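Chain by chain, the residues:
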Amino acid sequence: AKVQEHEFVVQATPVKRLCNTQMSITVNGQFPGPTLEVNNGDTLVVKVTNKARYNVTIHWHGIRQIRTGWADGPEFVTQCPIRPGESYTYRFTIQGQEGTLWWHAHSSWLRATVYGALIIHPKQGDSYPFTKPKRETPILLGEWWDANPIDVIRQATQTGAAPNISDAYTINGQPGDLYKCSSKGTTIVPIDSGETNLIRVINAALNQPLFFTIANHKLTVVGADASYVKPFTTNVLMLGPGQTTDVLINGDQPPSRYYIAGRAYQSAQNAPFDNTTTTAILEYKSSPCPAKGGANIKPIAPTLPNYNDTNTVTSFSKSFRSLREVEVPTEIDEDLFFTIGLGLNSCPSNFNANQCQGPNGTRFTSSMNNVSFVLPSNFSILQAHKLGVQGVFTTDFPAKPPVKFDYTGNVSRSLWQPIQGTKVTKLKFGSRVQIVLQDTSIVTPENHPIHLHGYDFYIVAEGFGNFNPKKDASKFNLVDPPMRNTVAVPANGWAVIRFVADNPGVWIMHCHLDVHIGWGLATVFLVEDGEGLLESIESPPEDLPLC
Ligand code: C2O
């Protein structure tokens, strides 16, 4: 195993998209940021220097961070932010993970432009559990605003309204040739007749679940969230923000140019969304030769599902089965039931009307078990925990919602207003945990991509309506459930996840729609140290930023 060192300089860089140039926050002047490629077992050492005018942290999305919670990155959870002019070095080892992950800023809305792929190859000498592809191509789906994303969210926070939706979806930072002023930058993905290309799809969009397809080409899914799955073929993928999916495609179509396309899956009823399509082009190298005018050949158009095609999403997500032997806990020590959903807060009386632009003069909020999560500001929770600092958080996050109700609708108004707090759930080292994640349908049913830091979990079941412990437990897959770090919980439905709390530290679980994080759709697990040194978190690095 190697030790790989990298330098990330976070800085403002001019980026031209959709006919305008904007000063965007980037890493090393690149948008999207650099792709990191490692082998399973390698150690990554990334020195991040902040030359921008915002506080920043970097999160290594999906990396287990076993005993290295100080390198996880969410601001005020495992570290204080890196202030302008300062640096912090993230150091961690990849242990037993293979496939596609990514990294992104974990501070306000900076991840709109601060993100990149993190590709984990098998250990040197090991091979993929499928035919070795001739090429590999990362595809990062994203969103672009014709404005500074930090200003977009600040303005929304000040008014209590929902933030403006993005102006384009992107593939590898480019809207693609169906958008104005965008044909020049459109991403070209090469393929040759007869060859296999491993496409590593990452949904890095801030707030939008996305469909993904390639015209006329079958997609063979082989992995997701850096875990292998039993291969299955499909015409279309759906990824919630945070999720990754690895697919093989074969160059088995007549040589030509084919659209690679992404478009919205509308996750919430009546929520505004953009119905445009982002594109890249799959180009056969053999013929027609692009140099001889082939670049003018109109790409073959794809078929994408309707924005509200939940049936396609459901059958896609039910196709995932773990390839490798699983160790899903069959007994449970911690039986948790978390409701997830939106809410509305009444406007404080000292606010004027244009500061309360939510429905009927309210402000948007969201919660788990009716607790809207508030990040601390003087300490990170991990620092407070290790130093024994009182008053930063409380350990009274409820294991169940305060009242049981019909989560599919007709919710009494009294349940629309969550309480606020920095409440965490303490877990004993090694405890076997089950969490039922239930969408509440308050304000609107919505597909929430719930992401857990520090762990992969098994998705043992998902369904619609109210979770019914008696009926639904019989449908649990304890044989070959997929292992993931982000689950797209069905709108008007539920998902059940299981994991063993064998990684000590402080781990946030949140909706990966960034607009919902700001509204409080998050909670934190504090996993206590176990008995030996190897069951304890390492001591903090000397350059750990202070608040
Ligand atoms: Cu990819 Cu806490 O996030």
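About the cut-offs
- Residues numbered from 1 in each chain as written.
- Predicted model: local features only at pLDDT ≥ 70, side-chain atom pairs only at ≥ 80, totals over all residues.
- Heavy atoms only, no water.
- Core = buried A, V, L, I, M, F, W, Y, C linked by side-chain atoms within 4.5 Å.
- Buried < 20%, exposed > 50% of the residue type's maximum accessible area, 1.4 Å probe, protein only.
- Helix = DSSP H or I, 4+ residues; strand = E, 2+ residues; numbered from the N terminus.
- Salt bridge = Lys/Arg side-chain N within 4 Å of Asp/Glu carboxyl O.
- Pairing = 2+ DSSP bridges.
- Axes fitted to C-alpha atoms, helices over the stretch in contact; angles between N-to-C directions.
- Phe/Tyr/Trp six-rings, centres within 6.5 Å; stacked < 30°, edge-to-face > 60°.
- Lys NZ or Arg CZ within 6 Å of the ring centre and 35° of its normal.
- Arc of directions from axis to C-beta.
- Contact = heavy atoms within 4.5 Å.
- Polar contact = N/O pair within 3.5 Å; in protein donor to acceptor, adjacent residues only side chain to side chain.

Caption draft 1: Summary view of the nonpolar core. By size, the foremost hydrophobic cluster in this structure holds 84 residues, and its most contacted members are Trp60, Leu118, Ile435 and Leu437. If you look at the next biggest cluster of nonpolar residues, it comprises 51 residues, including Leu141, Val201, Ala224 and Val229.

Caption draft 2: Quick look at unusual backbone geometry. The peptide bond linking Phe31 to Pro32 adopts the cis configuration, its omega dihedral lying at -10°. Looking at where Pro32 falls in the secondary structure, it is placed in the loop between strand S2 (20–27) and strand S3 (36–39). A positive phi angle, close to 55°, is found at Cys181, a residue other than glycine. Looking at the element boundaries, Cys181 is found in the loop between strand S10 (168–171) and strand S11 (188–191).

Caption draft 3: Layout of the pattern of salt bridges. Under the defined criterion, the tally for this structure stands at 18 salt bridges. The shortest N-O distance in the salt bridge between Arg257 and Glu283 comes to 2.8 Å. A residue pair is termed long-range when its members are at least 10 positions apart, and Arg257 in strand S18 (residues 257–264) and Glu283 in strand S19 (residues 278–284) qualify at 26 residues. By the burial criterion, Arg257 is buried, and Glu283 matches it. When the shortest N-O distance is used, the salt bridge between Arg321 and Asp480 registers 3.8 Å. Taken as a pair, Arg321 in the loop between helix H2 (310–317) and strand S20 (334–346) and Asp480 in the loop between helix H4 (469–473) and strand S28 (483–484) lie far apart in primary sequence, 159 residues in all. Among the residues examined, Arg321 registers a relative accessible area of 33% and is labelled partly exposed. For Asp480, a relative accessible area of 15% puts it in the buried group. When salt bridges with common partners are traced through the structure, they connect Lys134, Arg135 and Glu195 into a single cluster.

Caption draft 4: Main features of the sheet that holds strand S31 (residues 505–511). With mixed pairing, five strands are arranged side by side in an open sheet as S24-S32-S31-S26-S29. Strand pairing shows two members of the sheet lacking a second neighbour, strand S24 (424–427) and strand S29 (486–489), which therefore form its edges. Each strand axis lies, on average, 20° off the axis of its neighbour in the sheet, ignoring direction. Sheet analysis places S31 next to strand S32 (residues 522–527), joined by six bridges and oriented antiparallel. Considered in S32, the bridge of Val506 is made with Leu526.

Caption draft 5: Representation of the packing of aromatic side chains in the model. One pass over the structure, following the stated rule, counts 27 aromatic pairs. Arranged with centres 4.7 Å apart and planes meeting at 70°, the rings of Tyr88 and Tyr90 form a pair that is edge-to-face. When its relative accessible area of 0% is taken as the criterion, Tyr88 is described as buried. Over the face of the ring belonging to Phe320 we find Arg484, whose NZ or CZ atom lies 5.1 Å from the ring centre.

Caption draft 6: Inspection of H2 at higher detail. Along H2, the residues classified as buried are Val313, Thr314 and Phe316. One face of H2 carries all of its buried residues, which in axial projection span an arc of 165°. In this structure, the buried residues of H2 make contact with strand S13 (210–214), strand S14 (219–224), strand S15 (227–234), strand S16 (236–239) and strand S27 (457–464). Among the residues of H2, the N-terminal cap falls to Asp309, whose side-chain oxygen and the backbone nitrogen of Asn311 are separated by 3.4 Å.

Caption draft 7: Structural context of helix H1 (residues 149–159). Taken together, the buried positions of H1 are Pro149, Ile150, Val152, Ile153, Ala156 and Thr159. Measuring from the backbone nitrogen of Ile150 back to the side-chain oxygen at the start of H1 gives 2.9 Å, which picks out Asn148 as the cap. In the segment just after H1, Gly160 is the residue with positive phi, at about 75°.

Caption draft 8: Fine view of the environment of Lys475. When you line up the elements, Lys475 lands in the loop between H4 and S28. Considering only alpha carbons, one finds Lys475 and Pro255, 220 residues apart in sequence, at a separation of 45 Å. Separated by 2.9 Å, the side chains of Lys475 and Asp472 make a polar contact.

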